[in-house]
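Residue strings, one per chain:
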Amino acid sequence: VHVERFWPQAEVMTSASATVGHGGFGTTMLSLVAGVPLAVIPLFALDQHYNAAAVTRRGAGVTVDGVTHPSQFPPVNLLPAIADAVPILVDLSQA
């Protein structure tokens, strides 16, 4: 696992094993094009929830539900949900 505040998505996506994101269009599409499974954590915008559902429905990743605005939900609280998603993402990446 490697976490950064910023990373050049297009340059590193092809070497990623999985992506964790909020379901925004850019990261979601780059992950899908690169064939990288996603753990989508929709936060506030309707399109994030739609994208998360579409990713899960198509078998391209999983949705981590029940998250409120990040200011009300510290990122450390996401770790158990992401840990639960990792085995699914590993299976998807090996498919």
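Residues numbered from 1 in each chain as written. Predicted model: local features only at pLDDT ≥ 70, side-chain atom pairs only at ≥ 80, totals over all residues. Heavy atoms only, no water.

*Asks:* Explain the overall build of the protein to me, using residue names and the numbers behind them.
*Replies:* Assigned secondary structure in the protein consists of 4 helices and 3 strands. In sequence order, the secondary structure elements of the protein are arranged as α-β-α-β-α-β-α. Going through the 95 residues of the protein one by one, you find that 29% of them count as buried. Considering only contacts in the protein between residues 6 or more positions apart, those separated by 24 or more positions represent 36%. Working note: accessible area of the protein is about 6,300 Å², and carbon and sulfur atoms make up 62% of it. (Helix = DSSP H or I, 4+ residues; strand = E, 2+ residues; numbered from the N terminus. Buried < 20%, exposed > 50% of the residue type's maximum accessible area, 1.4 Å probe, protein only. Contact = heavy atoms within 4.5 Å. Areas by Shrake-Rupley, 256 points an atom, 1.4 Å probe, with all protein chains shown as cover.)

*Asks:* Tell me about the sheet that holds strand S3 (residues 61-63), and please be specific about residues and values.
*Replies:* Spatial strand order, S1-S2-S3: 3 strands in an open sheet with parallel pairing. Strands at the two margins of the open sheet, each flanked by one partner only, are strand S1 (19-21) and S3. Within this sheet the neighbouring strands show an average axis-to-axis angle of 15 degrees, counted without direction. Pairing analysis gives 3 bridges linking strand S2 (residues 38-40) to S3, with the strands arranged parallel. Note on S3: the bridge partner recorded for Val40 is Thr63. Packing of helix H3 (residues 46-57) onto the sheet brings it into contact with S2 and S3, and relative to S3 it is tilted by some 135 degrees. (Pairing = 2+ DSSP bridges. Axes fitted to C-alpha atoms, helices over the stretch in contact; angles between N-to-C directions.)

*Asks:* Which residues make up H3, and what values do they have?
*Replies:* Spanning 12 residues, H3 covers 17 Å between terminal C-alpha atoms, matching the ideal 16 Å at 1.5 Å per step. Within the sequence span of H3, burial applies to Gln48, Asn51, Ala52 and Val55. Seen end-on, H3 carries its buried residues on one side only, within an arc spanning 100 degrees. Exposed residues lying more than 90 degrees from the buried face of H3 are Leu46, Tyr50 and Arg57. Taken together, the buried residues of H3 touch helix H2 (25-34), S2 and S3. (Expected span 1.5 Å × (residues − 1). Arc of directions from axis to C-beta.)

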